[in-house]
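Okay, here's what each chain looks like letter by letter:
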Amino acid sequence: MEIARDRYLRRLVERRGNGLIKAVTGIRRCGKSYLLLKLFHRHLLESGVDEGHIVEVALDDRANKALRDSDALLAFLRSRIPTDGLPTYVILDEVQMVDEFEDVLNSLLHVDGADVYVSGSNSEFLSSDIVSKFRGRSDEVRVRPLSFAEFMSVYDGPSDEGWDEYVIHGGMPLALSYQRASDKEEYLRGLFQRVYITDIVERNHVANVAELDELVDVLASAVGSLTNPSRLQNTFRSVKGKSLDDKTISSYIGYLEDAYLVAEAQRYDIKGRAYIGSPKKYYFEDVGLRNARVGFRQVEENHLMENVIYNELLSRGYNVDVGVLDKYGKSPEGKTERRRLEVDFVATLGSARYYVQSALTVDDPAKREQETRSLLGIPDSFRKLVVVKGAMKPRRDEDGITYMGIRDFLLDDRSLDL
C-alpha cells in the first residue's frame with residue numbers, strides 16, 4: 001500500500017542543498033520514516049543521484065546499535081561521504097537514539113558535500129522546540145497525519161464512503177491496515193495512551209497522570225469550542241468535582257501542544273487587525289485520535305468538520321486563526337448594541353488571505369443567512385468560502401461568496417481559489 005505524500009515530499013525537494021539540517025518532525029506514527037526512507041529516497045534515485053551518494057541509517061534497527069554512539073556514528077558517516085564534490089544525502093531515522101545527537105548533526109554541517117535529513121519520534125525529538133537545539137541551522141518539515149486526499153489515495157471506495165470512514169477513524173497511516181472498525185479503534189486508543197501520553201509524561205516529568213488524562217478528555221469533548229484555563233478550571237470544579245488550578249492546566253495544554261497532539265487557534269479581530277487573547281479554540285492533530293479519547297461516542301460532525309478543515313489549512317501551509325467581527329446596530333429600545341460575529345477560520349499565507357466558514361448545510365434560507373452573516377460584514381475583498389457537508393460543486397453567489405462540498409474542498413489543492 002503506497003500512500004501519496006506529495007506535499008511533504010515537495011517541501012523536502014525544495015530544501016535540497018540549502019545548507020541546513022532538514023528536521024522532519026511531527027506526531028509519532030504519522031509517516032515520517034516512510035517519507036524519508038521510501039519516498040524521498042526514490043525521488044533522489046529518479047532525479048539521477050547515485051546510490052553511493054545516499055547514506056541512510058535507521059537507528060532503531062538493532063543492526064545499527066553500535067552507531068548509536070555519537071562518535072561512532074560521526075566517524076561512520078564521514079567514511080561514507082565521497083570526496084568527489086557531489087552532494088551526499090545523509091538520512092538519519094530515529095536520530096534521538098543517539099546520545100548527543102545535536103552535536104553530531106551540527107558537526108555534519110562542516111562536512112563538505114553533506115546534505116542532512118533527520119527524523120525522530122520520542123519525547124526528546126517530538127517536541128516543537130527541537131529545531132532550536134540545532135542552533136538556528138535547521139529547517140523544519142512538519143509532517144501531519146494523512147489528509148483526506150492522501151487517505152483517499154489508498155481507500156478502496158467512493159469519496160462519500162471514504163469521508164464517513166475518515167471523520168470517524170482519521171488519518172493515522174497504520175489505522176488503514178486494519179479492516180474492522182473495532183481493530184482501528186483499539187489501535188487508536190492504545191496509540192494515544194501508551195505512546196503519546198507516555199511520551200508527554202516522560203518528557204515533562206508529570207506526577208499526576210490522571211489529571212493530564214482528564215484534561216485531554218475535556219479538550220476532546222469540547223473540540224472547537226472557545227475556552228481558556230480559567231474556564232477549564234471551572235469545568236473541573238463543576239463537572240469533575242476536582243480542583244485543578246489554571247497554572248497547571250496551562251502547563252498541561254503546553255505539553256500537549258509541544259508534542260503536536262493539539263493546536264490552538266487564536267482569535268483575530270478582522271476589522272481591528274489585532275489578535276485577541278483568551279479564550280481560544282483547540283483542535284486535535286487527528287480526528288481519529290480525538291474520537292478515541294471520547295470512546296467514539298461524541299461524533300458531532302459539525303465540530304469534526306471544523307477540525308478537519310483546520311488541519312487541512314495547516315497542512316497546506318497556512319497560518320490559521322479564528323476570525324472575530326464586531327457589528328453594531330440598534331436594539332428594539334433604540335440603544336446602540338454590539339454583536340460579536342465569528343468566522344470559523346482566517347487562513348493567511350504571505351499576502352494571501354481567505355475566510356472559511358464550515359457548515360453542515362445552507363439549504364434553508366435562514367441557515368444560509370446565519371452562516372454568511374459574518375462573511376458579509378468583512379470590509380475587504382479577500383476570498384470568502386462556505387464549506388458544507390454534502391456534495392456541492394463550487395459555485396459563487398451574488399455577494400461573491402463561494403460554496404462547495406467538503407469533499408471537493410479537501411480533494412483539490414486549488415479549492416480556496418475556485
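Given the structure is predicted, the values throughout are model-derived calculations rather than measurements.

1. Details of the overall build of the chain
Consideration 1: What the chain contains, in helices and strands, is 14 helices and 13 strands.
Consideration 2: In terms of overall dimensions, the chain is globule-like: its C-alpha atoms have a radius of gyration of 23 Å, near the 22 Å expected for 418 residues.
Consideration 3: Along the three orthogonal principal directions, the C-alpha set of the chain runs to about 80 × 50 × 45 Å.
Consideration 4: A buried classification covers 52% of the 418 residues belonging to the chain.
Consideration 5: The contacts in the chain between residues at least 6 apart in sequence include a share of 67% that link residues at least 24 apart.
Consideration 6: Surface accessibility of the chain: about 18,700 Å² in total, with carbon and sulfur atoms responsible for 46%.
Consideration 7: The centroid of the 59 positive side-chain charges in the chain is displaced by 4 Å from the centroid of its 69 negative side-chain charges.

2. What to know about the packing of aromatic side chains
Consideration 1: Summed over the entire model, instances satisfying the criterion amount to 16 aromatic pairs.
Consideration 2: Here phenylalanine 148 and phenylalanine 151 contribute two aromatic rings whose centre-to-centre distance is 6.3 Å and whose plane-to-plane angle is 20°, an arrangement assigned as stacked. Residue phenylalanine 148 and its partner phenylalanine 151 are located together in helix α5 (residues 148–152), separated by 3 residues, close to a single helical turn. Of the two residues, phenylalanine 148 and phenylalanine 151, both sit in the buried class.
Consideration 3: An aromatic cluster of at least three residues, connected via ring pairs, comprises Phe148, Phe151, Tyr155, Trp163 and Tyr166.

3. Thoughts on the layout of surface pockets
Consideration 1: Within this model, the largest pocket holds a volume of roughly 480 Å³.
Consideration 2: Looking at the largest pocket, it is lined by 20 residues, and the ones nearest its centre are Arg142, Arg144, Leu314, Tyr318 and Asn319.
Consideration 3: For the lining of the largest pocket, the secondary structure elements donating two or more residues are β5 (138–142), β6 (262–269), α12 (301–315) and β8 (319–330).
Consideration 4: Across the lining of the largest pocket, the residue classes tally to 8 nonpolar, 3 polar and 9 charged.
Consideration 5: There is about 380 Å³ of room inside the second largest pocket.
Consideration 6: Forming the walls of the second largest pocket are 18 residues, and the residues nearest its centre are Arg29, Cys30, Gly31, Lys32 and Tyr34.
Consideration 7: Broken down by element, the residue count for the lining of the second largest pocket peaks at 3 residues, all from helix α2 (residues 32–46).

4. Overview of unusual backbone geometry
Consideration 1: Residue proline 279 is bonded to the preceding serine 278 through a cis peptide linkage, with omega at 0°.
Consideration 2: The topology assignment puts proline 279 in strand β7 (residues 274–284).
Consideration 3: A positive phi angle, near 60°, is found at glutamate 94, a position not held by glycine.
Consideration 4: Note on placement: glutamate 94 falls in the loop between β3 (88–93) and α4 (101–108).
Consideration 5: By relative accessible area, which is 12% here, glutamate 94 ends up buried.
Consideration 6: The phi dihedral of arginine 273 falls on the positive side, at around 50°, and the residue is not glycine.
Consideration 7: Mapped onto the secondary structure, arginine 273 falls in the loop between β6 and β7.
Consideration 8: Residue arginine 273 is classed as exposed on the basis of its relative accessible area, which comes to 67%.

5. Focus: the pairing of β7
Consideration 1: For β6 and β7, the ladder comprises 7 bridges, and the chain directions are antiparallel. Considered in β7, the bridge of valine 262 is made with phenylalanine 284.
Consideration 2: Turn length for the β6-β7 hairpin, with the two strands adjacent in sequence and antiparallel, is 4 residues, and the turn residue arginine 273 shows positive phi of about 50°.

6. A closer look at the pairing of β8
Look at any regular strand and the pattern is simple: side chains alternate between the two faces of the sheet.
Consideration 1: Of the pairings in the sheet, the one linking β6 to β8 comprises 3 bridges and is parallel in character. Paired with arginine 267 across the two strands is valine 322, which belongs to β8.
Consideration 2: Pairing analysis gives 11 bridges linking β8 to strand β9 (residues 336–349), with the strands arranged antiparallel. Looking across to β9, one finds that glycine 323 is bridged to valine 343.
Consideration 3: Remark: 5 residues form the turn of the hairpin made by β8 and β9, two consecutive strands paired antiparallel; glycine 334 in that turn has positive phi of roughly 90°.

Reading the values: the criteria
- Residues numbered from 1 in each chain as written.
- Predicted model: local features only at pLDDT ≥ 70, side-chain atom pairs only at ≥ 80, totals over all residues.
- Heavy atoms only, no water.
- Helix = DSSP H or I, 4+ residues; strand = E, 2+ residues; numbered from the N terminus.
- Rg over C-alpha atoms; globule rule 2.2 N^0.38 Å.
- Buried < 20%, exposed > 50% of the residue type's maximum accessible area, 1.4 Å probe, protein only.
- Contact = heavy atoms within 4.5 Å.
- Areas by Shrake-Rupley, 256 points an atom, 1.4 Å probe, with all protein chains shown as cover.
- Lys, Arg positive; Asp, Glu negative; His and termini not counted.
- Charge placed at Lys NZ, Arg CZ, Asp CG, Glu CD.
- Phe/Tyr/Trp six-rings, centres within 6.5 Å; stacked < 30°, edge-to-face > 60°.
- 1 Å grid on protein atoms, 1.4 Å probe; cavity = no way out; pocket = protein on both sides within 12 Å on 5 of 7 lines; lining within 4 Å.
- Points joined across faces, edges and corners; volume = space filled by probe spheres on them.
- Nonpolar A, V, L, I, M, F, W, Y, C, P; charged D, E, K, R; others polar.
- Pairing = 2+ DSSP bridges.

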